[in-house]
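Listed below are the residues making up each chain.
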Amino acid sequence: MKEIKAFIHKNRVADVIQAFADQGYLDPTNSHRCRNLNVSLTRSLLTALDAHEQHYSVELGQPFFNESKLELLCDNDQVDELVALLERTAGTGQAEAGWVLVTNVERATRIGGH
């Protein structure tokens, strides 16, 4: 099992989720679906797409912009297809529009079910 984390522009996350749904990765009846898809808002210290997205954090003492972090669990044989799907749908046209990280999951235990 693998965990995929993607840091993407907040305006691209809906398209990414729709692409996952279109490919059946969110279908609860599909045994080969992704599990635990989570999306959270994060503060990135990278340069924003335009000045209207740039904010300043007194807490951080740095300029930042809001981006989305998408996290999911998947089977090992799904990684290449999911990463390619993210690369196709999360792009903004900039040379650096985010990052996709893939890590091994040493252990995963379902809570409360068989």
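Residues numbered from 1 in each chain as written. Predicted model: local features only at pLDDT ≥ 70, side-chain atom pairs only at ≥ 80, totals over all residues. Heavy atoms only, no water.

A. Layout of the packing of aromatic side chains. By the definition in use, this model includes 1 aromatic pair. Taking the centre distance of 6.3 Å and the plane angle of 70° together, the rings of Phe20 and Tyr25 count as edge-to-face. Owing to a relative accessible area of 0%, Phe20 belongs among the buried residues under this scheme. (Phe/Tyr/Trp six-rings, centres within 6.5 Å; stacked < 30°, edge-to-face > 60°. Buried < 20%, exposed > 50% of the residue type's maximum accessible area, 1.4 Å probe, protein only.)

B. Local environment of the packing of helix H1 (residues 13-22) against helix H2 (residues 79-89). The N-to-C vectors of H1 and H2 enclose an angle of 140°; their axes lie 9 Å apart at closest approach. As judged from the angle between their axes, H1 and H2 are oblique. The element H1 and its partner H2 pack so that their crossing is right-handed. Between H1 and H2, the residues in contact are Asp15, Val16, Ala19 and Phe20 and Leu82, Leu85, Leu86 and Thr89, respectively. Looking at the contact of H1 with H2 residue by residue, the class counts come to 6 nonpolar, 1 polar and 1 charged. (Axes fitted to C-alpha atoms, helices over the stretch in contact; angles between N-to-C directions. Helix = DSSP H or I, 4+ residues; strand = E, 2+ residues; numbered from the N terminus. Parallel < 35°, antiparallel > 145°, perpendicular 65-115°, else oblique. Left-handed = near helix turned anticlockwise from the far one by under 90°. Contact = heavy atoms within 4.5 Å. Nonpolar A, V, L, I, M, F, W, Y, C, P; charged D, E, K, R; others polar.)

C. Highlighting the side chain of Lys2. Checked against the element boundaries, Lys2 lands in strand S1 (residues 2-9). No salt bridge is formed by the buried Lys2. Its closest oppositely charged neighbour is Asp80, at 9.2 Å. A polar atom in the side chain of Lys2 sits 2.2 Å from the side chain of Asn104. Here Lys2 is in contact with Leu72, Leu73, Cys74, Asn76, Val79, Val102, Thr103, Asn104 and Val105, once residues within four sequence places are set aside. (Lys, Arg positive; Asp, Glu negative; His and termini not counted. Salt bridge = Lys/Arg side-chain N within 4 Å of Asp/Glu carboxyl O. Polar contact = N/O pair within 3.5 Å; in protein donor to acceptor, adjacent residues only side chain to side chain.)

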